[in-house]
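Given next are the chains, with one letter for each unit.
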Amino acid sequence: MKTDPAKLDFARHLRREMTPQERHLWYDFLRYAPVKFYKQKPLGSYVLDFYCPSLALALEVDGSQHYENEGKQSDRERTAYLEQQGVSVLRFSNSDVNLRFPAVCEAILQAVEERQK
């Protein structure tokens, strides 16, 4: 899957400007995960919040804009495209990360184990 070169600068910007929930997930869990995740990883014409290439596993942390009609439609299209490329997508809301962090981490670990089989 080719990466849109214009997305590289945008991904760098997003890495510097991660949301508090993305920072929490990255610094308190994903950096120490049993597999390598990349933050704000360009893939095709998208920038994924977190991506593990060895498992083709994407993690998305969704803010409120993802729950509006336009955001929902965009997410459906994005997920369909990624799944066509063999990438599995896990989505968590900001609220999930804020209020149910251990459950989010457990869900990620479970997905990692399933993808490793």
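This text follows the structure it describes.
Keep in mind the model is a prediction, meaning the values are calculated, not measured. (Residues numbered from 1 in each chain as written. Predicted model: local features only at pLDDT ≥ 70, side-chain atom pairs only at ≥ 80, totals over all residues. Heavy atoms only, no water.)

Draft legend 1. Focus on the overall build of the chain. When you go through the chain residue by residue, the secondary structure sums to five helices and four strands. If you list the helices and strands of the chain from N to C, you get α-α-β-β-β-α-β-α-α. Its C-alpha atoms give the chain a radius of gyration of 14 Å, near enough to 13 Å, the size a compact globule of 117 residues would have. C-alpha atoms of the chain, sized along the principal axes, occupy 35 × 30 × 25 Å. (Helix = DSSP H or I, 4+ residues; strand = E, 2+ residues; numbered from the N terminus. Rg over C-alpha atoms; globule rule 2.2 N^0.38 Å.)

Draft legend 2. Fine view of the packing of aromatic side chains. Counted under the stated rule, the structure contains two aromatic pairs. Summarising the aromatic geometry, the rings of Trp26 and Phe50 are spaced 6.0 Å apart at their centres and angled 5° between planes, so their arrangement reads as stacked. Taken together, the residues span a long stretch of sequence, with Trp26 in helix α2 (residues 20-28) and Phe50 in strand β2 (residues 46-52) at a distance of 24 residues. Assessed through its relative accessible area of 0%, Phe50 is described here as buried. On the numbers, 5.5 Å between centres and 50° between planes, the contact of Tyr46 with Tyr81 is tilted. Of the two residues, Tyr46 is situated in strand β2 and Tyr81 in helix α3 (residues 69-84); the sequence distance between them amounts to 35 residues. In this arrangement the basic side chain of Lys36 is found over the ring face of Tyr38, its NZ or CZ atom lying 5.0 Å from the centre. Here the guanidinium or amino end of Lys41 rests over the ring plane of Tyr38, the centre of that ring lying 5.5 Å away. (Phe/Tyr/Trp six-rings, centres within 6.5 Å; stacked < 30°, edge-to-face > 60°. Buried < 20%, exposed > 50% of the residue type's maximum accessible area, 1.4 Å probe, protein only. Lys NZ or Arg CZ within 6 Å of the ring centre and 35° of its normal.)

Draft legend 3. Representation of the sheet that holds strand β3 (residues 57-62). What the four strands build is an open sheet, ordered β1-β2-β3-β4; its pairing is mixed. The open sheet terminates on both sides in strands that have one partner only, identified here as β1 (38-43) and β4 (88-93). In this sheet, neighbouring strand axes are inclined to one another by 45° on average, regardless of whether the strands run parallel or antiparallel. Across three bridges, the pairing between β2 and β3 is antiparallel. Following the sheet pairing, Cys52 is matched in β3 by Leu57. Strands β1 and β2 of the sheet are contacted by helix α1 (residues 6-16), whose axis makes an angle of about 160° with β1. (Pairing = 2+ DSSP bridges. Axes fitted to C-alpha atoms, helices over the stretch in contact; angles between N-to-C directions. Contact = heavy atoms within 4.5 Å.)

Draft legend 4. Here's a closer look at unusual backbone geometry. Even without being a glycine, Gln40 presents a positive backbone phi close to 45°. Tracing the chain through its elements places Gln40 in strand β1. Owing to a relative accessible area of 2%, Gln40 belongs among the buried residues under this scheme. Positive phi, close to 50°, is recorded for Ala56, a residue that is not glycine. Along the chain, the position of Ala56 falls in the loop between β2 and β3.

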